[in-house]
Amino acid sequence: MYEHLETAAHPEPLKRVVIDPVTRVEGHGKVTLLLDEANHVKQARLHIVEFRGFERFIQGRPYWELPVLVQRLCGICPVSHHLAAAKAVDQIVGVDRLTPTAEKLRRLMHFGQTLQSHALHFFHLSTPDLLFGFEDAAAHRNIVSVLQEYPDTGLKGVKLRKYGQEVIRVVSGKRVHGSAAIPGGMNKALTGEDRDYLLKDIGDIIAWSQEVVELIRKLFLSNAEYHQHFGAFPSNFLSLIRDDGALEIYHGGLRARDSGGNTLFDHVDYRDYTQYLHEEVKSWSYMKFPYIVELGRENGWYRVGPLARLNNCGFISTPLAEAARQAFLEYGGGQPVQASLAFHWARMIELLHCAETIRDLLYDPDILGKDLVVKGERRPEGVGVIEAPRGTLFHHYQVDENDIVTQANLIVSTTNNNQAMNEAVRAVAARYLDGKELTEGLLNHLEVAIRAYDPCLSCATHALGKMPLELELVDAGGSLVDRLTRSGHGEIAR
Amino acid sequence: MGSPRILVFGYGNPSRGDDGLAPALLDLLDGNGCDCLTDFQLQVEHALDLKDRELVLFVDASVSCPTPFQLARLAPARDPSYTTHAVSPSAVLEVYRRLHGEQPPPCYLLSIRGDRFELGEGLSPAALVRLEQAQDLIARLLAEPCAAAWDEVTGETAVA
């Protein structure tokens, strides 16, 4: 829809605006705009400027190290990498089905992870924009202001996040770097004491999750026309799906639908993903651009994550989240919802589903079982796929006879959304920035569109003083016309 | 068994070179004289970990602090950067203040100088030396666990 803004026909005389890095996303991304003399947008791109080399990090390691090792790829979703790797390694040790207890413990951990991740994104990273407006002063548009002006909402956000972290800690035994999932199963059983500890607060967690679904629904619908068109564009959608068509975030087949909701493929065994998905490399970004083979590079890109999962699923298996999905469907009017900001609404419906599922798992007698590990016959290859908070996550390993990983391929959730985030940037640039004098508030519109996808662009390095924001306006002759900087501590200077 | 009243909170990624300084330091401490927590990075919910503490020491790698390290007293700050999914220690203190309606306990940040932060790397040789020096400093702090004594040390570490 906005492909014409990917590459300007004659870039030489254009002004260049850079947002570097994009804020309130994980890692290091950069947006560049090329503008003509009248500030008309001619090119808009989201670049990923750090090369992570995940595969090289993994190759040469013994396969049994991987579930622990890959947690260090990312400080935000270590559990997702942990479980995707564990699922791939299950196949390498010849295990296709875990014991009921092991699978439910993994699910419990995964739902805890998704709950805390979604809570963080909504309360910390998104409510400042949604509650105060995209053009609110940058110094005010943050979580501390939310805590000050909406203390009840802010406190519940912090406690939801904490509860999800506690679920992870209790299942894995550690807050980070846990070894909960091991080849063929789980490392430790849940005690009755652990279960009761988590059950103590689950009623509040579900109630607060319901409140936040209602909050985002009202926020979205309070300015429905604007939110519907902000960063909106038609796309394909990809996600895992349960056998019966229910929303599924731990294990299922792959389903892809087009922008009209027509099924492109369904219940595909994800071990065959290379037959359905390819990745394209573009010279201006380190992040690849995946696409559906059948549709080709130009038309085959897709979206993943909460919006894709809600658009793709036939129902949600927990009642409160299913009721919330019905309201979401009603808004969509029978068509897939395309608005980028609808990611927030979909994300909170999933948050509620996670809370309900955690409760159900804790009441399931299998959760306290002691039968944790299955053994099988060694295989040379494994593919693990999971729905991480941000979308479908692929881990694919090949292992030699000495148990050393010889090949690794990862398609992380954010990579799957690469083209979509670029489309969102172009849609917003074309609609709100074209021909305007650029301000920090207007440029924040671009970041709001990117943040809707909750991208995780890098790993967990966060050494002090490394996160400035710099906007530069350069004239046609290459001379610096204007510069706006925001330091790592938030001071803005011109 | 460590004292739950004194919290040492180290954050960083052990697989990103010198970013692993704080987790490595906490491994060496092993709860000796304090309660130890570690995470990849700081987040808002860590404000809840500060409740009922007498003293808190955050530990992090830094690309810009003096070599080998620097100890600084922290104050709650309305830190408007919030640039990523991570927040600064001062911002965590501000979140504490907002959540609990009271001042946080005395909190300090030990920044240890790091040089290399590449994925898959271990600690650099220089960082290993600084790690030992930081361990000595923490032993000294824990031997006299009161804000007045720690305040005295903050003045020394810029040129340590």
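Provided above is the structure to which this section pertains.
Just so it is clear, the model here is predicted, and its values are computed rather than measured.

Just give me the short version of the overall build of chain B, but keep the residues and values in it.
A count of helices and strands for chain B gives four helices and five strands. In chain B, the succession of α and β elements from N to C terminus is β-α-β-β-β-α-β-α-α. Radius of gyration (C-alpha) of chain B: 15 Å, near the 15 Å computed for a compact globule of 160 residues. Along the longest, intermediate and shortest principal axes, the C-alpha atoms of chain B span 45 × 35 × 30 Å. Accessible surface, chain B: about 5,900 Å² in total, of which carbon and sulfur atoms supply 49%. Placing the 12 positive and 23 negative side-chain charges of chain B at their respective mean positions leaves the two points 7 Å apart.

Describe the sheet that holds strand 11 (residues 302-303) of chain A, naming the residues involved and giving the relevant values.
Residues and elements named next belong to chain A. Strand order in the open sheet made by the four strands is 8-7-6-11, with mixed pairing throughout. The strands lining the two open edges of the sheet, one partner per strand, are strand 8 (263-268) and strand 11. As defined by bridge partners, strand 6 (residues 236-241) adjoins strand 7 (residues 253-257) across five bridges and the pair is classed as antiparallel. The residue of strand 7 that forms the bridge with S239 is R255.

Got a sec to walk through the sheet that holds strand 3 (residues 55-62) of chain B? Specific residues and values, please.
Two strands in a sheet stick together by hydrogen bonds in their backbones, pointing the same way (parallel) or opposite ways (antiparallel). Residue and element names in this part refer to chain B. Taken together, the five strands give an open sheet; going across it, the order is 2-1-3-5-4, and neighbouring strands pair in mixed fashion. If you trace the sheet from one side to the other, it starts and ends with strand 2 (35-39) and strand 4 (69-73), each paired once. Across the sheet, the axes of successive neighbouring strands diverge by a mean angle of 20°, strand direction being ignored. Relative to strand 2, strand 1 (residues 6-11) is paired through five bridges, and the arrangement is parallel. Residue pairing across strands places F9 opposite L37, the latter belonging to strand 2. Each of strand 1, strand 2, strand 3 and strand 5 (107-113) is contacted by helix 1 (residues 21-29), which is oriented at about 140° to strand 1, the strand it contacts most. Across the sheet, helix 3 (residues 125-143) lies against strand 1, strand 3, strand 4 and strand 5, angled at about 160° from strand 5, the strand it touches most.

I'd like a description of helix 15 (residues 418-433) of chain A, backed by residues and values.
All names here are of chain A. Compared with the 22 Å implied by 1.5 Å per residue over 16 residues, the 21 Å span of helix 15 between its first and last C-alpha is a close match. The element helix 15 is extensively covered by neighbouring structure, given that 14 of its 16 residues are classed as buried. Note on helix 15: the residue one or two positions beyond its end, G435, has a positive phi of about 80°.

So what's going on with helix 3 of chain B? Residues and values would help.
Turn by turn, an α-helix covers 3.6 residues, leaving residues three or four places apart pointing in a common direction. Residues and elements named next belong to chain B. The terminal C-alpha atoms of helix 3 lie 28 Å apart, and with 19 residues this matches the ideal 27 Å at 1.5 Å per residue to within 8%. Buried residues of helix 3: A127, R130, L131, A134, L137, I138, L141 and L142, and no others. Buried residues of helix 3 fall within an arc of 130° about the axis and therefore sit on the same side. Along helix 3, the residues that are exposed and aim more than 90 degrees away from the buried face are P125, E132, D136 and A143.

The rules behind the values
Residues numbered from 1 in each chain as written. Chains lettered and ligands numbered in written order. Predicted model: local features only at pLDDT ≥ 70, side-chain atom pairs only at ≥ 80, totals over all residues. Heavy atoms only, no water. Helix = DSSP H or I, 4+ residues; strand = E, 2+ residues; numbered from the N terminus. Rg over C-alpha atoms; globule rule 2.2 N^0.38 Å. Areas by Shrake-Rupley, 256 points an atom, 1.4 Å probe, with all protein chains shown as cover. Lys, Arg positive; Asp, Glu negative; His and termini not counted. Charge placed at Lys NZ, Arg CZ, Asp CG, Glu CD. Pairing = 2+ DSSP bridges. Axes fitted to C-alpha atoms, helices over the stretch in contact; angles between N-to-C directions. Contact = heavy atoms within 4.5 Å. Expected span 1.5 Å × (residues − 1). Buried < 20%, exposed > 50% of the residue type's maximum accessible area, 1.4 Å probe, protein only. Arc of directions from axis to C-beta.

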